[in-house]
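Analysis of the macromolecular model
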Amino acid sequence: MSHIQVRDEQGVRILSFNRPDKRNALDLDMYKLLTEYLIEGEADNEIRAFMLHGEENCFTSGNDVADFLKNSDLGPNHPAVRFLFCLLELKKPLVAAVSGSAVGIGTTLLLHCDLVYADNTAKFQLPFVNLALVPEAGASLLLPELVGYQKAAELLLLGESFDANTAHRLNIINDVIAQEELLAYALNQAKKLANQPPQALQITRQLMRPHKSRVQHQMHQELEQFGARLQSDEAKARFQAFLKR
């Protein structure tokens, strides 16, 4: 069974992480599938919005560390890199529903979503520095712009987890929804987007994101530093300790 499930419903392409034995850790094949399904959806006039979700107890625990370390050349064709830039280039709106852990990429990808909903079990974390790495997905630019420098510094430099109410207060998510209602609520919001006039919706999204070239430049800068940090002694030590856990 594929670790990325896809289905289309009333103009919404729904993508779900389906690797429960690994807490939905994203490996290279999952990144490839996510990118393919998004690009296909962009080209399909019947698809007008996207939705991402995990399971009740886990959105995603982040990168599959072992898989990532085996494929650490972060060139433009690396599946994770292609996925990140695909998020940046999306023309159609993206909704996320977060339950349980949203670690690393599980939080940074939310900065590229239009609407994000979470339940009370959601736990967000940006543990890049903890692993002797740097942020990705433009988070080092997008997060300070969203929450202010001091709060972004707390989240990125300390790398501690924070709950859904904190994420809501910081405007990282739109609302906190009861767990049993989360997926239906988020899907309903995605369907509302899918029913809007598509061209007006897409142009409005573009107008709300006038600094895309800055984000793109920052993502390249992050990847350059991320790749260098992966080869550092302090990162290797942290990863060895992580994999022994």
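Everything below is about the structure shown above.
Summarised in this report is the structure supplied together with it.

What counts as what
- Residue indices begin from 1 for each chain and proceed along its sequence in written order.
- Restriction of local features to residues with pLDDT of at least 70 applies here, the model being predicted, together with a cutoff of 80 or more for giving and counting side-chain atom pairs; totals for whole chains, interfaces and linings are based on all residues.
- Water and hydrogen atoms play no part in the side-chain values, which are based on all heavy atoms of the structure.
- When DSSP finds two or more bridges between two strands, those strands count as paired.
- In DSSP terms, a helix is any run of H or I states spanning at least four residues, a strand is any run of E spanning at least two, and both are numbered starting from the N terminus.
- Joining through side-chain atoms within 4.5 Å is the link that ties buried Ala, Val, Leu, Ile, Met, Phe, Trp, Tyr and Cys residues into a set, and such a set is a nonpolar core.
- For each residue, the accessible area found with a 1.4 Å probe, counting protein chains only, is set against the maximum for its type, and the residue is called buried under 20%, exposed over 50%, and partly exposed in between.
- Whether two residues are in contact is decided by their heavy atoms, any of which lying within 4.5 Å being enough.
- To pair, rings of Phe, Tyr and Trp, with the six-membered ring standing in for Trp, must have centres within 6.5 Å; the planes then decide the type, stacked if under 30 degrees apart, edge-to-face if over 60, and tilted in the middle.
- The salt bridge definition used is simple: a Lys or Arg side-chain nitrogen within 4 Å of an Asp or Glu carboxyl oxygen.

Sheet architecture is open: four strands sit in the order β4-β6-β8-β9, paired in mixed fashion. Two strands close off the open sheet at either side, each with one partner strand: β4 (58–60) and β9 (162–163). Summarising the sheet, strand β6 (residues 101–103) and strand β8 (residues 123–125) pair through three bridges and their orientation is parallel. In the strand pairing of β8, Ala 102 is matched with Phe 124.

Below, the discussion takes up the nonpolar core. Nonpolar side chains tend toward joint burial in soluble globular proteins. Val 98, Leu 110, Phe 124, Leu 143 and Ile 172 are the most contacted members of the largest nonpolar core, which has 65 residues in total. Sort the elements by how many residues they give to this core and helix α3 (residues 79–89) lands first, with eight residues. Contacts of Leu 143, omitting those with residues within four sequence positions, involve Leu 111, Leu 126, Gly 148, Ala 152, Leu 155, Leu 156 and Ile 172. In this structure, Ile 14, Ile 177, Leu 182 and Leu 187 belong to the second largest nonpolar core, which totals 16 residues.

Attention shifts here to helix α6 (residues 149–158). All of the buried residues along α6 are Ala 152, Ala 153, Leu 155 and Leu 156. Residues of α6 that are buried in the fold lie against α5 (139–147) and β9. Trailing α6 by a residue or two, Gly 159 shows a phi angle of about 65°, which is positive.

With that settled, the discussion passes to the packing of aromatic side chains. Pairs of aromatic rings are described using the distance from one ring centre to the other and the angle between the two planes. Taken as a whole, this structure holds four aromatic pairs when the rule is applied. Measuring from ring centre to ring centre gives 5.2 Å for Phe 17 and Phe 59, while their planes differ by 70°; the resulting arrangement is edge-to-face. Here Phe 59 lies in strand β4 and Phe 17 lies in strand β2 (residues 12–17), a separation of 42 residues in the sequence. On the numbers, 5.1 Å between centres and 80° between planes, the contact of Tyr 117 with Tyr 185 is edge-to-face. Of the two residues, Tyr 117 sits in strand β7 (residues 115–118) while Tyr 185 sits in helix α8 (residues 182–194), which places them 68 residues apart along the sequence.

Right, let's talk about the pattern of salt bridges for a bit. In this structure the tally under the stated criterion is 12 salt bridges. For the salt bridge of Asp 114 with Arg 209, the shortest nitrogen-to-oxygen distance reads 3.0 Å. Pair noted here: Asp 114 is in the loop between α4 (105–108) and β7 and Arg 209 is in the loop between α9 (198–208) and α10 (212–230), with a separation of 95 residues, a long-range link. Since its relative accessible area comes to 30%, Arg 209 is described here as partly exposed. For Arg 214, the salt bridge goes to Glu 145, with nearest N and O atoms at 3.1 Å. In this pair, Arg 214 sits in helix α10 while Glu 145 sits in helix α5, placing the two residues 69 residues apart along the sequence.

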